[in-house]
Amino acid sequence: MKTANRLTPYMFMAPAALIMAIALLYPLGYMVWGSFRDWNPSQTIGEAEFVGLKNYITLWGDPNFRESLGVTLRFAFFVVTFEMVIGVGLALLLDRNIRGMSVLRTLFILPMMIAPVVVGLMWRYMYHPTVGTFNRTLDGLGLGKIDWLGQHALTSVIIADIWQWTPFIFILALAALQSLPRSALEAARIDGATAWQQVWHIKLPLMMPVLIVTGLLRLIDAFKVLEVILVMTEGGPGLSTEILALRISRTATEFRELGVAAAMSNYLLILLLGLTLAMFAFTRWQEARARRVRAAAEEDL
Amino acid sequence: MLKFLGTTVAGATLALMAGRALANPYAEYEGTTLIVNFPAHPHYNAVMKILPEFTKETGIEVEVDQLPYLKMRERQTLELAQEEGEYDLIAYVVFSKADYVYADQLENLAKYVMNPKLSDPNYDADDLIDGYVYNIGFAGGTKGYLEGKTGSLFGIPYGSETSILGYRKDIFEKHGLEVPETYDEMLELACKIPELEPGMGGVASRAASGHHASHAYLLHLAPLGGRIFDDSWNPTMNSAEGVAAAEALKKIVDCGPEGAKNFGFGEALGAFLNGDTAMFLDTTVVAGQIDDPSRSQVVGKVGWALHPMGARRGSQTGGFGIGIPANALNKDAAFLLMQWLTSKRGDKLVALAGGNPSRFSTHADPDVNAKFPHMATFGEALKHADPDWRPIIPVWGKINADLGTTLSKVLTEDLDIQEALDGVAERTKAVMTEAGYYTWQ
């Protein structure tokens, strides 16, 4: 009877755990298992030859994979940095009661709602060398034309991504700002803090936990972006915009090497897992530090 | 007596039915529904128009699953690996041939051709264009993908294309230019046109990173005398001919319309349709669009000529073939459809509906020529179609991608051509070693 009682909670959890295991772990396990095989799409996974770590080792020596990884890291770094700065900046500016504010906010988040393929197409035509909006404007102003998707392909792709995803940061940063304790800000104002001091010393530190999670979400997403780049440049010219997600997709469909594609996905997974863990460790450390500071302050009292 | 009469009548009816069955090879399959997988492609759009005719004649229904061609390949890869497939007949891209045949997923057509109940004696297989039959339908011959004594037939070309030179008659007349017949003439003209007509490019060509750049390069490689591999599978794209082909591509792109370095097929065709270039060197499939006033600003201004000659004539062979999946459920009926579509009559019907014919006789047909005057030139071009203009081996996808991205670097980053192609050759050698092509050396 006692054992049954002890088991009851687990029994209640069992269905959920089972669904989790099937829905989450099975595909993941399948991918890991596949990455150890020389597997082409015409075979079932059982028919594919087991090759151990060969796919992982080959990838490490493959200059194209390394270049692709470099492009991904650069892309993710720049988009997340710019999006955070612009998004948080906009949120700080718009955190006030202006007439028509709700319309403005809705307008700001529109880009995020557009399907990625449409975003890709839209920007591709805006960047068009002769009939695109940008070059026609530059030409009209008497400035030279820019070879957007040729010589400056990565920058152009980064600009498009910033345009689409800054609103995501903005909307979360705004929500964080509006939920800040007003008492702290009032106290600061009474003590004569300037607007800048309020931002630096009160708003940003208090928003930090939300901002870290937001940044992390964007970072994970930036590592996986595919459609916009596929439509805009197909990874070219050369490999200059071929981010990992695109290389994985090409490896699976064009080169028909599912095992290598799975190994590449696992590298990406490990990278993202490492980043997530680092981010969590950082938040923990920060919380612990805050606790220590608070405890020290209380002791002083 | 009555009983005897009854039996006689019944017997006579049966005999009559049997006689009818003999006269109509389709009777046995009447009411069957075939599920076929075709690409979204101008030729197959024309096929859709003639399928009702097939159903009317044979009583066999056809349900078509039409997909964009890259999507189609993905779908087929999954479908063909099943035990029982959904498709009775598939259209496949040339480069799928190696994968499907190697994985034993396409029916060898011999047993259908040998079956007197299925095989039409008036089919006239000799009238099918040779280069295409070997390029698309044949497997197991020389090098595994060419004509040869060890090969056999797995599919029939349907919707086949070759390369052709389209030129602006008005521009050529205005400046008294001759239509180029050789590579030297074409390359000279390619850079002369921007001088004569400011703002206009010479030749519209694909050049974007990946298979676009690679395709454009291969178009020049065969006529200039080069090959991707020699007879022992050693990579030869870095030979003098290979370098000349890359130089030709670079010259064409440099003298092309603005933004040409990033053109895919759609943009290159778009540039020609918009009147931004004086020439277009690519597939024959575009002819219909060039004469369509809703898409083209150059209707009636375009003339056609053979793909210029370098060291030899060698236009591309591409497009689609149709074959029966090994896991199909209605194989015999599928063969009947395949035979009907590629018969003399079917080929003419599809040509008149705007498709690409696969028979010599259709290219020479007066009705077809009256409706599409360019057909005679296209027929001439087909005689020079080169089935070995690119290798059709399972690892080609990987080599093709490397070649295409490297050439894109040559075009955009001014990488040294010889050095770039040496790199591709070295990496190709590694891929080929890994795939076992040097096992017997």
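The name an unreviewed UniProt entry gives chain A is Glycerol-3-phosphate ABC transporter, permease protein UgpA, with Candidatus Rhodobacter oscarellae as the organism. Comment text from UniProt for chain A, heading Sequence similarities (unreviewed entry), reads "Belongs to the binding-protein-dependent transport system permease family."

A. Local environment of the overall build of chain B. If you tally the helices and strands in chain B, you get 19 helices and 11 strands. Compactness check: chain B gives a C-alpha radius of gyration of 24 Å against a globular reference of 22 Å for 441 residues, within 12% of the reference. Taken along its principal axes, the extent of the C-alpha atoms in chain B is 100 × 55 × 30 Å. Among the 441 residues that make up chain B, the fraction classed as buried is 55%. In chain B, the share of contacts with a sequence separation of at least 24, taken over all contacts with a separation of at least 6, comes to 74%. Total accessible area on chain B is roughly 18600 Å²; 54% of this is exposed by carbon and sulfur atoms.

B. Geometry of the overall build of chain A. When you go through chain A residue by residue, the secondary structure sums to 13 helices and 2 strands. On C-alpha atoms alone, chain A measures out to a radius of gyration of 25 Å, which is more than a quarter above the 19 Å that the 2.2 N^0.38 rule sets for 301 residues. With the C-alpha coordinates of chain A rotated into their principal frame, the extents come out at 85 × 75 × 35 Å. Within chain A, the fraction of its 301 residues that count as buried is 39%. Across chain A, the fraction of contacts at a sequence separation of at least 24, relative to all contacts at a separation of at least 6, is 67%. Computed over 25 positive and 22 negative side-chain charges, the separation of the two mean positions in chain A equals 6 Å.

C. A look at the UniProt feature "domain: ABC transmembrane type-1" (unreviewed entry) in chain A. Here, UniProt's "domain: ABC transmembrane type-1" (unreviewed entry) annotation points to residues 69-279 of chain A. Overall, residues 69-279 of chain A shows 76% helix and 0% strand. The separation of its end C-alpha atoms is 21 Å.

D. Expanded view of the pairing of strand β9 (residues 277-283) of chain B. Residues and elements named next belong to chain B. Where burial is concerned, most of β9 is hidden: 7 out of the 7 residues are buried. Strand direction decides the pairing type here: strand β7 (residues 163-168) and β9, joined by 5 bridges, are antiparallel. If you follow I164 over to β9, its bridge partner there is D282. Two elements, strand β8 (residues 201-204) and β9, share 3 bridges in a ladder whose sense is parallel.

E. Seen up close, helix α12 (residues 244-253) of chain A. Of all 10 residues that make up α12(A), 8 are buried, and the element is covered over most of its length. When α12(A) is considered as a whole, its buried residues turn out to be A:L244, A:A245, A:L246, A:R247, A:I248, A:R250, A:T251 and A:A252. Where the residues of α12(A) are buried, they touch α3 (63-94), α10 (195-224), α11 (227-232) and α13 (258-300) of chain A together with α18 (396-413) of chain B.

F. Structural detail: the interface of chain B and chain A. Taken together, the contact between chain B and chain A spans 24 residues of the former and 23 residues of the latter. In total, about 2100 Å² of surface goes out of reach between chain B and chain A, with carbon and sulfur atoms giving 47% of it. Close ionic contact of B:D99 with A:R256 constitutes a salt bridge, the shortest N to O distance being 3.3 Å. Across the chain B-chain A interface, the total number found is 10 residue pairs in polar contact (both at pLDDT 80 or more). Looking at the side of chain B that touches chain A, the elements that each hand over two or more residues are α3 (69-80), α9 (211-221) and α18 of chain B. When residues of the side of chain B that touches chain A are assigned to their parent elements, the largest contribution, 8 residues, is made by α18(B).

G. Representation of the domain arrangement of chain B. Residues and elements named next belong to chain B. For chain B, the domain assignment lists domain 1 (29-161 + 318-383) and domain 2 (163-316 + 395-434). Using C-alpha coordinates to define each centre, domain 1 is positioned 28 Å away from domain 2. At the junction of the two partners, domain 1 supplies 13 residues and domain 2 supplies 17 residues. Sorting the residues of domain 1 by area buried against domain 2 places K143, E161 and F378 first, and these three jointly supply 43% of that buried surface. Where domain 1 touches domain 2, the interface holds 0 salt bridges. Joining domain 1 to domain 2, the criterion identifies 2 residue pairs in polar contact (both at pLDDT 80 or more). For the side of domain 1 that touches domain 2, the element with the most residues is helix α17 (residues 375-383), which contributes 4 residues.

H. Structural detail: the sheet that holds β7(B). Residues and elements named next belong to chain B. Sheet architecture is open: 4 strands sit in the order β8-β9-β7-β10, paired in mixed fashion. Looking along the sheet, the strands with just one partner apiece sit at the ends: β8 and β10 (302-306). Within this sheet the neighbouring strands show an average axis-to-axis angle of 20 degrees, counted without direction. Where helix α11 (residues 265-273) meets the sheet, it contacts β7, β8, β9 and β10, and its direction lies at approximately 140 degrees from that of β9. Set on the sheet, α17 makes contact with β7 and β10; between it and β10 the angle comes to about 25 degrees.

I. Here's a closer look at the UniProt feature "transmembrane region" (unreviewed entry) in chain A. In this numbering, the UniProt entry assigns the feature "transmembrane region" (unreviewed entry) to residues 12-33, 75-94, 106-126, 162-180, 200-220 and 258-282 of chain A. End C-alpha to end C-alpha, residues 200-220 of chain A measures 27 Å, and it is 100% helix and 0% strand.

J. The arrangement of a negative patch on the surface in detail. Side chains of B:E178, B:E181, B:D184, B:E185 and B:E188 sit close together on the surface and give a patch of like negative charge. Along the chain, B:E188 turns up in helix α8 (residues 183-196).

K. Region of the structure containing the side chain of A:S265. Tracing the chain through its elements places A:S265 in helix α13. By relative accessible area, A:S265 is classed as buried at 18%.

L. Inspection of the environment of A:A173 at higher detail. Here A:A173 lies in helix α8 (residues 153-178). C-alpha separation for the pair A:A173 and A:S183, spaced 10 residues apart in sequence, amounts to 19 Å.

What counts and how
- Residues numbered from 1 in each chain as written.
- Chains lettered and ligands numbered in written order.
- Predicted model: local features only at pLDDT ≥ 70, side-chain atom pairs only at ≥ 80, totals over all residues.
- Heavy atoms only, no water.
- UniProt positions renumbered as here; feature names shortened; annotations may be inferred.
- Helix = DSSP H or I, 4+ residues; strand = E, 2+ residues; numbered from the N terminus.
- Rg over C-alpha atoms; globule rule 2.2 N^0.38 Å.
- Buried < 20%, exposed > 50% of the residue type's maximum accessible area, 1.4 Å probe, protein only.
- Contact = heavy atoms within 4.5 Å.
- Areas by Shrake-Rupley, 256 points an atom, 1.4 Å probe, with all protein chains shown as cover.
- Lys, Arg positive; Asp, Glu negative; His and termini not counted.
- Charge placed at Lys NZ, Arg CZ, Asp CG, Glu CD.
- Pairing = 2+ DSSP bridges.
- Buried area = accessible area lost by both parts, 1.4 Å probe.
- Salt bridge = Lys/Arg side-chain N within 4 Å of Asp/Glu carboxyl O.
- Polar contact = N/O pair within 3.5 Å; in protein donor to acceptor, adjacent residues only side chain to side chain.
- Domains from an automatic or database assignment.
- Axes fitted to C-alpha atoms, helices over the stretch in contact; angles between N-to-C directions.
- Patch = residues over 30% accessible without salt bridge, like charges linked within 9 Å, V, L, I, M, F, W, Y side chains within 5 Å.

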